[in-house]
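Each chain is listed here by its residues.
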Amino acid sequence: MSGTAPAARRKSKLFTRQELTLFVLHLIQINPAHGYEIIKTIEGYSMGAYIPSPGVIYPILSQIVERGFATAAEIEGGKKQFSMTSAGSEFLAARRNEIRDIEEKMKTRVIENNPPPAPEMIYAIENLKITVRTKDYNGDITPEKYDLIIHYINEVTKKIHDL
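All figures in this text were calculated on a predicted structure; none of them were measured in a lab.

1. Re the overall build of the protein
In terms of helices and strands, the protein carries 7 helices and 3 strands. Going from the N terminus to the C terminus, the protein shows its helices and strands as α-β-α-α-β-β-α-α-α-α. Expected size for 163 residues packed as a compact globule is a radius of gyration near 15 Å; at 24 Å, the protein overshoots this value by more than 25%. A principal-axis box enclosing the C-alpha atoms of the protein has dimensions of 65 × 60 × 35 Å. A buried classification covers 25% of the 163 residues belonging to the protein. Within the protein, contacts between residues at least 6 apart in sequence are counted, and of these 57% link residues at least 24 apart. Taken as a whole, the protein presents about 11800 Å² of accessible surface, with 58% of it coming from carbon and sulfur.

Right, dumping it as structure tokens:
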């Protein structure tokens, strides 16, 4: 056995370059934005599962402008805001199914990286919310009970946090 550590497993790319180009164009169609906003939008959309680098996004934006699918206008701070052209809209309209497939791929990655909690956990959380709301709705909560409920919830929250 050699003394070297096993190579770290590298995450595979989420998108092909063509898919990422379509997705960026889709985002620009929804909301004109500058490059950094597009990166942050993809990061948010994927719940952190995929964060494209500027070295990937900016060449794609240049390509989109060169192909006439978007325009780039200077805004404050020397940034360029990218906006969809009619040619870009037509290009995307012909690829609706591909956009849906890309969104499904993103959702799958999000679920893989953020699996939903067990049904028992969801039930317990929902049960707590329903119980508190019902007591409040029925007027069963005096100011003293209200403070006590908050205390119990905070106490349990701390215990769970400390696990």
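That was the structure; now back to the text.
2. Some remarks on the side chain of histidine 26
Looking at where histidine 26 falls in the secondary structure, it is placed in helix α1 (residues 17-30). Here histidine 26 is in contact with Leu92, Ile99 and Glu103, once residues within four sequence places are set aside.

3. Details of the packing of α1 against helix α2 (residues 35-45)
Close contact between α1 and α2 brings their axes to 11 Å; oriented N to C, the two are set at 100 degrees. As summarised for this structure, α1 and α2 are arranged roughly perpendicular, according to the angle between their axes. Contacts between α1 and α2 pair Leu20, Phe23, Val24, Leu27 and Ile28 from the former with Ile38, Thr41, Ile42 and Tyr45 from the latter. The residue inventory of the contact of α1 with α2, partitioned by class, reads 8 nonpolar, 1 polar and no charged.

4. Overview of the nonpolar core
In this structure, Phe15, Leu20, Val24, Ile38, Ile42 and Ile57 are the most contacted members of the largest nonpolar core, which totals 27 residues. Mapped onto this core, the elements with two or more residues apiece are α1, α2, α3 (54-66), β3 (80-84), α4 (86-93) and α5 (96-113). Of the residues forming this core, the biggest block, 7 residues, is contributed by α1. Discounting chain neighbours no more than four positions away, the residues touching valine 24 are Ile38, Ile42, Ile57, Ile60, Leu61 and Ile64.

5. Some points on the environment of leucine 14
When you line up the elements, leucine 14 lands in the segment before α1. A relative accessible area of 4% places leucine 14 in the buried class. It is 29 Å that separates the C-alpha atoms of leucine 14 and isoleucine 122, two residues lying 108 residues apart in sequence. Once residues lying within four places of it in the same chain are set aside, the contact partners of leucine 14 are Glu19, Tyr50, Lys105, Met106 and Arg109.

6. With respect to the UniProt feature "domain: Transcription regulator PadR N-terminal" (unreviewed entry) in the protein
Within this structure's numbering, the places UniProt gives as "domain: Transcription regulator PadR N-terminal" (unreviewed entry) are residues 24-93. What you have in residues 24-93 is 56% helix and 17% strand, and the ends, taken at the C-alpha atoms, are 14 Å apart.

7. Some thoughts on the packing of α1 against α3
Between α1 and α3, the shortest axis-to-axis distance is 10 Å and the interhelical angle comes to 70 degrees. The angle between the axes of α1 and α3 places the two elements in the roughly perpendicular class. Across the interface between the two elements, Arg17, Leu20, Thr21, Val24, Leu25 and Ile28 from α1 touch Val56, Ile57, Pro59, Ile60, Leu61, Gln63 and Ile64 from α3. Residue composition of the contact of α1 with α3, grouped by class: 10 nonpolar, 2 polar and 1 charged.

8. Some points on the packing of aromatic side chains
Taken as a whole and assessed by the stated rule, the structure comprises 4 aromatic pairs. Between the aromatic rings of phenylalanine 15 and tyrosine 50, the centroid separation amounts to 5.5 Å while the plane-to-plane angle is 90 degrees, which identifies the pairing as edge-to-face. Taken as a pair, phenylalanine 15 in the segment before α1 and tyrosine 50 in the loop between α2 and α3 lie far apart in primary sequence, 35 residues in all. Tyrosine 50 sits in the buried class, given a relative accessible area of 15%.

Parameters at a glance
Residues numbered from 1 in each chain as written. Predicted model: local features only at pLDDT ≥ 70, side-chain atom pairs only at ≥ 80, totals over all residues. Heavy atoms only, no water. Helix = DSSP H or I, 4+ residues; strand = E, 2+ residues; numbered from the N terminus. Rg over C-alpha atoms; globule rule 2.2 N^0.38 Å. Buried < 20%, exposed > 50% of the residue type's maximum accessible area, 1.4 Å probe, protein only. Contact = heavy atoms within 4.5 Å. Areas by Shrake-Rupley, 256 points an atom, 1.4 Å probe, with all protein chains shown as cover. Axes fitted to C-alpha atoms, helices over the stretch in contact; angles between N-to-C directions. Parallel < 35°, antiparallel > 145°, perpendicular 65-115°, else oblique. Nonpolar A, V, L, I, M, F, W, Y, C, P; charged D, E, K, R; others polar. Core = buried A, V, L, I, M, F, W, Y, C linked by side-chain atoms within 4.5 Å. UniProt positions renumbered as here; feature names shortened; annotations may be inferred. Phe/Tyr/Trp six-rings, centres within 6.5 Å; stacked < 30°, edge-to-face > 60°.

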